[in-house]
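Remarks on the overall topology
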Amino acid sequence: MPTSTSDTPKINLLNLSWEEIHALFVRLGEPAYRAKQLIKWIYQVGVDDFSLMTNFSKTLRNKLSEIAEICPPEVVWEHASPDGTQKWVLKLDSKNQIETVFIPDKQRGTLCVSSQVGCTLDCSFCATGKQGFQRNLSLAEVMGQVWLAAKQLQEDNTPQRRKITNIVFMGMGEPLLNFNVVMHALKFLTDDNAYGLSKRRVTVSTAGVVPMIDQLEKYTDVSLALSLHAPNDMLRNELVPLNKKYPITEVIAACKRYLASLPDRRSITIEYVMLDQINDADLHAKQLTKVLAKLPCKINLIPFNPFPNTPYQRSKKERILAFQQQLAKAGFVTTVRSTRGDEIAAACGQLVGQVNDRTNRQKRYQNAIAVANV
Ligand code: SAH
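In what follows, the accompanying structure is described. This is a predicted model, so every value here is computed, not measured.

Calculation notes
- The residue numbering used here restarts from 1 in each chain and proceeds along that chain's sequence as written.
- Predicted model: local features are reported for residues with pLDDT of at least 70 only, side-chain atom pairs are reported and counted for 80 or more only, and whole-chain, interface and lining totals are derived from all residues.
- Only hydrogens and water are set aside when side-chain values are computed; all heavy atoms of the structure are taken into account.
- Here is the rule: rings of Phe, Tyr and Trp (six-membered ring for Trp) pair when centre to centre is within 6.5 Å. Planes less than 30 degrees apart are stacked, more than 60 are edge-to-face, and the remainder are tilted.
- The cut-offs for exposure are 20% and 50% of the maximum accessible area for each residue type, with area from a 1.4 Å probe on protein chains only; residues under the lower value are buried, those over the upper are exposed, and the others partly exposed.
- Definition used: whenever NZ (Lys) or CZ (Arg) falls within 6 Å of the ring centre and also within 35 degrees of the ring normal, the charge is taken to sit over that ring.
- The definition used for a disulfide is geometric: two cysteine sulfur atoms within 2.5 Å.
- Helix axes are fitted only over the stretch in contact, all axes being lines through C-alpha atoms; the angle between N-to-C directions runs from 0 to 180 degrees.
- Runs of H or I in DSSP of at least four residues are treated as helices and runs of E of at least two as strands, each being numbered from the N terminus.
- Relative orientations are named as follows: roughly parallel for angles under 35 degrees, roughly antiparallel for angles over 145 degrees, roughly perpendicular for angles from 65 to 115 degrees, and oblique for any other angle.
- The sense of a crossing depends on the near helix, which, turned anticlockwise from the far helix by less than a right angle, makes the crossing left-handed and, turned clockwise, makes it right-handed.
- Here a residue-residue contact requires only that any non-hydrogen atoms of the pair lie within 4.5 Å.
- What the arc measures is the spread of directions leading from the helix axis to the C-beta atoms.

Some remarks on the packing of aromatic side chains
- Evaluated as defined, the whole model comprises eight aromatic pairs.
- Here the aromatic rings of Phe-304 and Tyr-312 are separated by 6.1 Å at their centres, their planes lie at 80°, and the arrangement is edge-to-face. Both residues of the pair, Phe-304 and Tyr-312, belong to the buried class.
- The structure contains a cluster of three or more aromatic residues connected by ring pairs, namely Trp-18, Tyr-43, Phe-188 and Tyr-195.
- Cation over ring: Lys-187 sits above Trp-18, and NZ or CZ is 4.7 Å from the ring centre.

Describing the state of the cysteines
- In this structure the tally under the stated criterion is zero disulfides.
- Free cysteine: Cys-255, not disulfide-bonded; nearest cysteine sulfur from Cys-297 at 9.3 Å.
- Judged by its relative accessible area of 0%, Cys-255 is buried.

Describing the packing of helix H10 (residues 282–291) against helix H11 (residues 317–329)
- Direction vectors running N to C along H10 and H11 enclose 30°, while the axes themselves pass 9 Å from each other. As far as their axial angle goes, H11 and H10 are roughly parallel. The element H10 and its partner H11 pack so that their crossing is right-handed. The residues of H11 that touch H10, namely those facing Asp-282, His-284, Ala-285, Lys-286, Leu-288 and Thr-289, are Arg-319, Phe-323, Gln-326 and Leu-327.

Things to note about helix H1 (residues 18–27)
- Every buried residue of H1 is listed here: Trp-18, Ile-21, Leu-24 and Phe-25. When H1 is viewed along its axis, its buried side chains cluster within an angular range of 120° and face the same direction. Every exposed residue of H1 that faces more than 90 degrees away from the buried side is listed here: Val-26 and Arg-27.
- Summarising the contacts, the buried residues of H1 are in contact with strand E1 (11–12), helix H2 (33–45), helix H3 (58–67) and helix H6 (179–190).
- The first or second residue beyond H1 is Gly-29, which carries a positive phi of 75°.

Following this line, the structure appears as structure tokens:
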């Protein structure tokens, strides 16, 4: 990358929203369609070198490389499991790191992205919350995760490698509390000039930030997942403290409003972590069927992923299956996150804050996998 001739820092194009890229070209006296072309180069072709942008004049290419760069976070560690799962630890700055995980499945390739370093919500069963909150990710840090993963998967031709077909905001952080950045990112993820993913295949997962769920429809129509985890307010206050501010009925009502705003028939994914003898009794399943009675939804039961010093344990396999059956009998499509996906979820956003050097990180990751496999 040529160095800048002036002292002005280069613009990181991954940090610019669609509108800002457009404005940049206007400022450069270029026609508006150049913005689309640039977006295609960056997000569809995965280019970070302006000299490869062959439909731009040499003068424009030179100008761009003088003032701008395409700069994702630095990959400090990566791990590929034999099953095709790929995990990246990305360095954002001297203090902060995040994780991104790619999970291939039969037909799908799901990328799990982070939206914040740490989290403010402090759900009692979540390791990310226990790390505290550092900061929101920038747009470049969110898009950089997708850009890096897409580029790497594209370059890797082995048969089990697949491309990204689904994106879930289920890594570190609460995406609706980094609202603007996430909305700009969703535009690139779903726009045909960039990643062009179907809105059904992009999912924002929230612990239930009601005012922001209500803002969603103004900006996007992607899918929504709600981390419910408890069927009554008393228990949910304990597991998801945000519930004290936005109790279950309010959250469900906001989800319904969002669904009503969508142009097609869609359902909400309800995430429900299975905690041994905490939220996994028959009574809880019964309460859940009542709470969800009027919400078009499918339920995803997530066997709890243990981490050091947690008071919780994962529900027994038979209990999870009985819970699933009870919900299914009541007419709810109910899936259980597979052990493999589960072990990956354990890795997703849950280790990075605990480790500082590569060797430790690698060791602890292996340990975590071992724990999750027990
Ligand atoms: N803040 C958002 C997204 C991040 S967490 C949300 O709450 O939805 C993504 C999912 O993983 C959430 O459903 C979260 O509750 C769940 N999760 C967090 N810690 C977990 C753990 N230790 N075991 C299993 N699932 C966990």
